[in-house]
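One letter stands for each residue in the lines below.
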Amino acid sequence: MDLLALADFNLVARHGGFGKAARAAGRPKATLSRRVAELESSLDLRLFERGGRTLKLTEEGRALYERTAVLLTELDETAAAIASGGDKPKGRLRINAPLLFSQTAMGRLAAGFALKHPNVRLEVTTEDRAVDMIEEGFDLVIRVNPAPDDSLVGRIFLRDRLMVVASPSLKRPKGHLAVPAVVRGTGDEVTAWDVKRSNGTSRIAVDPVLRVSSLMMVRDAARAGVGAARLPVSLVSHDLAAGRLVRWGDVDGPEIALWTLYPSRRLLSARVSAFLDFLKDAFPRGTPDELAAYIGS
């Protein structure tokens, strides 16, 4: 396959037309059109649907673009790094992180990374949904207990666990009486929490009296005495130490694992490697107490 023709195809696909691509690259429109036509002929595939005023990728064209755009970028970056005599991180790094981690730690992490690597243009977005890394152009995502995905590789960099906490003013009910509870989200009705105590596992019946959209809001409501709550250790450690909250027990369930993920078919760029190393330096042990200390410092 002609790499130059492939690069021209990517240029046209990225800009959405021969004219726009020609103006952006300072290249003749006719040359780009000819090179793309030659690539289509060599592959025996139609890569673009050509209308009167529109140019749209075919299904095959989109698949080729998604699989080759990143590889061509990495080839350019590798050549540039070799030419400059090193592999120093530079260029744009796009990261997507979950809401709670962004609210508590990501701002400080991003600032520290930007100061350490001034040639990297870091962009951080926040959301809890499972983003499509390739389609949406992310270099790295941080996720909590992600589902297995053959197209992604990654590693755990932090662990946390849930515990049931409440304001000292809220007394734990005896017997099977339900306790007022603050919960996140508006999903299935919550009726009980299983907690681990020194003498075994017990069940706390709960009555969700308040539903909110973030764990920070859950914590604030629990502090105010609205109800008990299930919250990560890292988020409530300082409240427990200060007496603003008391611990009723650890939640009986799987641990919380924070992962860094990136596409398996993508070469690990210097930017991504640098950020992974930065996270390792920030959380060398990856424990809940370490995250709590980082949040509170």
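So, a few notes on the structure that sits alongside this text. This one's a predicted model, so the numbers in the text were calculated from it and none came from an experiment.

Cut-offs applied
- Residues numbered from 1 in each chain as written.
- Predicted model: local features only at pLDDT ≥ 70, side-chain atom pairs only at ≥ 80, totals over all residues.
- Heavy atoms only, no water.
- Core = buried A, V, L, I, M, F, W, Y, C linked by side-chain atoms within 4.5 Å.
- Buried < 20%, exposed > 50% of the residue type's maximum accessible area, 1.4 Å probe, protein only.
- Helix = DSSP H or I, 4+ residues; strand = E, 2+ residues; numbered from the N terminus.
- Pairing = 2+ DSSP bridges.
- Axes fitted to C-alpha atoms, helices over the stretch in contact; angles between N-to-C directions.
- Polar contact = N/O pair within 3.5 Å; in protein donor to acceptor, adjacent residues only side chain to side chain.
- Contact = heavy atoms within 4.5 Å.
- Phe/Tyr/Trp six-rings, centres within 6.5 Å; stacked < 30°, edge-to-face > 60°.
- Lys NZ or Arg CZ within 6 Å of the ring centre and 35° of its normal.

### Overview of the nonpolar core
- Among the nonpolar cores identified, the biggest contains 30 residues, and Phe101, Leu109, Phe157, Phe275 and Phe283 are the most heavily contacted of them.
- Going through the elements one at a time, β3 (91–97), α5 (99–116), β5 (140–144), β6 (152–160), β13 (256–263), α9 (270–282) and α10 (288–296) are the ones with two or more residues in this core.
- Examining the composition of this core, we find that six residues originate from one element, α9, more than from any other.
- Core analysis: the second largest hydrophobic core is formed by 18 residues, Ala5, Ala13, Phe48 and Leu72 among them.

### Quick word on the sheet that holds strand β11 (residues 229–232)
- Spatially, the six strands line up as an open sheet ordered β8-β10-β9-β12-β7-β11, and their pairing is mixed. One side of each edge strand has no neighbouring strand; the edge strands of this open sheet are β8 (179–184) and β11. Here the average twist between neighbouring strands, direction ignored, is 55°.
- Across four bridges, the pairing between strand β7 (residues 162–166) and strand β12 (residues 246–251) is antiparallel.

### Regarding the side chain of Ser234
- Secondary-structure assignment places Ser234 in helix α8 (residues 233–242).
- Overall, the relative accessible area of 6% leaves Ser234 in the buried class.
- A polar contact of 2.5 Å, which involves the side chain of Ser234, links it to the side chain of Asp160.
- With residues up to four places along the chain from it excluded, the contact list for Ser234 reads Asp160, Pro288, Leu291, Ala292 and Ile295.

### Describing the packing of aromatic side chains
- With the rule as written, the count across this model stands at seven aromatic pairs.
- Each ring, one from Phe101 and one from Phe157, has its centre 5.7 Å from the other, and the planes form 75°; the classification is edge-to-face. In this pair, Phe101 sits in helix α5 while Phe157 sits in strand β6, placing the two residues 56 residues apart along the sequence. Exposure class is identical for Phe101 and Phe157. Each is buried.
- By the ring-pair criterion, three or more aromatic residues cluster together here, those being Phe101, Phe157, Phe283 and Tyr294.
- The cationic tip of Arg94 hangs over the ring face of Phe138; the distance from NZ or CZ to the ring centre is 4.4 Å.
- Taking the ring centre of Tyr294 as reference, the NZ or CZ of Arg108 above it sits at 4.0 Å.

Bear in mind that shape data such as this cannot, by itself, settle questions of function.
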